[in-house]
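# Analysis of the macromolecular model
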Amino acid sequence: NAGVTQTPKFQVLKTGQSMTLQCAQDMNHEYMSWYRQDPGMGLRLIHYSVGAGITDQGEVPNGYNVSRSTTEDFPLRLLSAAPSQTSVYFCASSGQGEHTFGSGTRLTVV
Amino acid sequence: QQPVQSPQAVILREGEDAVINCSSSKALYSVHWYRQKHGEAPVFLMILLKGGEQKGHEKISASFNEKKQQSSLYLTASQLSYSGTYFCGTLGASSNTGKLIFGQGTTLQVKP
């Protein structure tokens, strides 16, 4: 039982490049979320999903896209990376309460 | 809107107690507490639902005052393993579980 799996663990991008951060969960959870963590800012919600085919914006959605075609997967897309998107990204899933977090992706945009 | 945590940082000696507060400007349905060790993912501690409930987890307990829209986390007789950053997460009355909004965190350092 892997829980929440995020890939890659580390990534360096050049400004303007695109990439997809992968997130998969094997707990059959309805809810999945993406957060970014920056020093002193806590965890800020980017996008979330309440089930396959349903997504919504969080606190800081600009510059990011998501989709949820299956219950298990919730990828986060950066269409044109900017230095301001340098951060640690966490994916989380939840049934009806407790959030289980993935191990994170450390992204640097140069 | 992000809940506000206080204090921002706490330094304790082993065996001392600490309280971390979390307050929101909007009506809350539930409050979550998580702990994050350096370089690791946040780990769930407990959830409190509206109703003034108090919960405990080892020597860590929490309360939730829905009228004041506040929650407090109590760490009793702290251990070295309690060091880390503590986050509260809040769900509003009309929010679903996916829209958990976190505070900025409180860093706790426990020294021998």
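For the structure itself, look to the data block above.
Keep in mind the model is a prediction, meaning the values are calculated, not measured.

Helix and strand counts for chain A come out as zero helices and eleven strands. Each helix and strand of chain A, placed in order from N terminus to C terminus, yields the pattern β-β-β-β-β-β-β-β-β-β-β. A globule of 110 residues ought to have a C-alpha radius of gyration of about 13 Å, and chain A, at 13 Å, matches this closely. Each principal axis of the C-alpha atoms in chain A carries an extent, and together these give about 35 × 25 × 25 Å.

Next up on the list: the environment of Ala27(B). Residue and element names in this part refer to chain B. Here Ala27 shows up in the loop between β3 (18-23) and β4 (28-36). A residue is classified by how much of its surface remains accessible, and Ala27, at 46% relative accessible area, is partly exposed. Along the backbone, Ala27 and Leu91 are 64 residues apart, and their C-alpha atoms lie at a distance of 8.8 Å. If we ignore the near neighbours within four places in the chain, the residues touching Ala27 are Gln69, Gly92 and Ala93.

Grouped together as the largest cluster of nonpolar side chains are 21 residues, with contacts concentrated most on Trp33(B), Met46(B), Leu73(B), Leu75(B), Tyr82(B), Tyr86(B) and Leu108(B). Among the secondary structure elements, those contributing two or more residues to this core are β2 (9-13), β3, β4, β5 (43-49), β7 (60-65), β8 (70-75), β9 (84-92) and β11 (106-111) of chain B. Residues within four places of Leu73(B) in sequence aside, it is in contact with Ala18(B), Val19(B), Ile20(B), Trp33(B), Leu45(B), Met46(B), Ile60(B), Ser61(B), Ala62(B) and Tyr86(B). By size, the runner-up hydrophobic cluster in this structure holds 18 residues, among which are Leu21(A), Ile46(A), Phe74(A) and Cys91(A).

One number sums up the size of the largest pocket: a volume of about 630 Å³. Taken together, 28 residues line the largest pocket, and the ones lying closest to its centre are Gln37(A), Val88(A), Arg106(A), Gln36(B) and Gly39(B).

Right, let's get into the state of the cysteines. All names here are of chain A. What the rule picks out here adds up to two disulfides over all chains. With its sulfur 1.9 Å from that of its partner, Cys23 forms a disulfide with Cys91. The disulfide joining Cys23 to Cys91 has a torsion of about -70 degrees about its S-S bond and is therefore left-handed. Here Cys23, found in strand β3 (residues 19-25), pairs with Cys91, found in strand β9 (residues 87-94); they are 68 residues apart in sequence, far enough to count as distant. This pair shows no difference in class: Cys23 is buried, exactly as Cys91 is.

Conventions adopted
- As a convention, each chain's residues are numbered from 1 in the sequence order in which they are written.
- Just so you know, chain letters begin at A and ligand numbers begin at 1, following the order they were written in.
- The predicted nature of this model means local features are confined to residues of pLDDT at least 70 and side-chain atom pairs, given and counted, to a pLDDT of 80 or more, with totals for whole chains, interfaces and linings taken over all residues.
- Only hydrogens and water are set aside; all other atoms, that is, all heavy atoms of the structure, feed into the side-chain values.
- Secondary structure elements are taken from DSSP: a helix is a run of H or I of four residues or more, a strand is a run of E of two residues or more, and numbering for both begins at the N terminus.
- Only C-alpha atoms enter the radius of gyration, while the globule expectation follows 2.2 Å times N to the 0.38, with N the number of residues.
- A simple rule labels every residue: compare its accessible area, found with a 1.4 Å probe on the protein chains alone, to the largest value its type can have, and call it buried under 20%, exposed over 50%, or partly exposed in between.
- Working rule for contacts: check all heavy atoms of both residues, and any pair within 4.5 Å makes them a contact.
- What is meant by a nonpolar core is a set of buried Ala, Val, Leu, Ile, Met, Phe, Trp, Tyr and Cys residues, joined one to another through side-chain atoms within 4.5 Å.
- Each cavity reported here is a set of points on a 1 Å grid over the protein atoms alone in which a 1.4 Å probe fits but cannot get out, each pocket an open set with protein on both sides within 12 Å along at least five of seven lines, and each lining residue one with an atom within 4 Å of a point.
- Grid points are joined across faces, edges and corners, and a volume is the space filled by probe spheres set on the points.
- Sulfur atoms of two cysteines make up a disulfide when they are within 2.5 Å.

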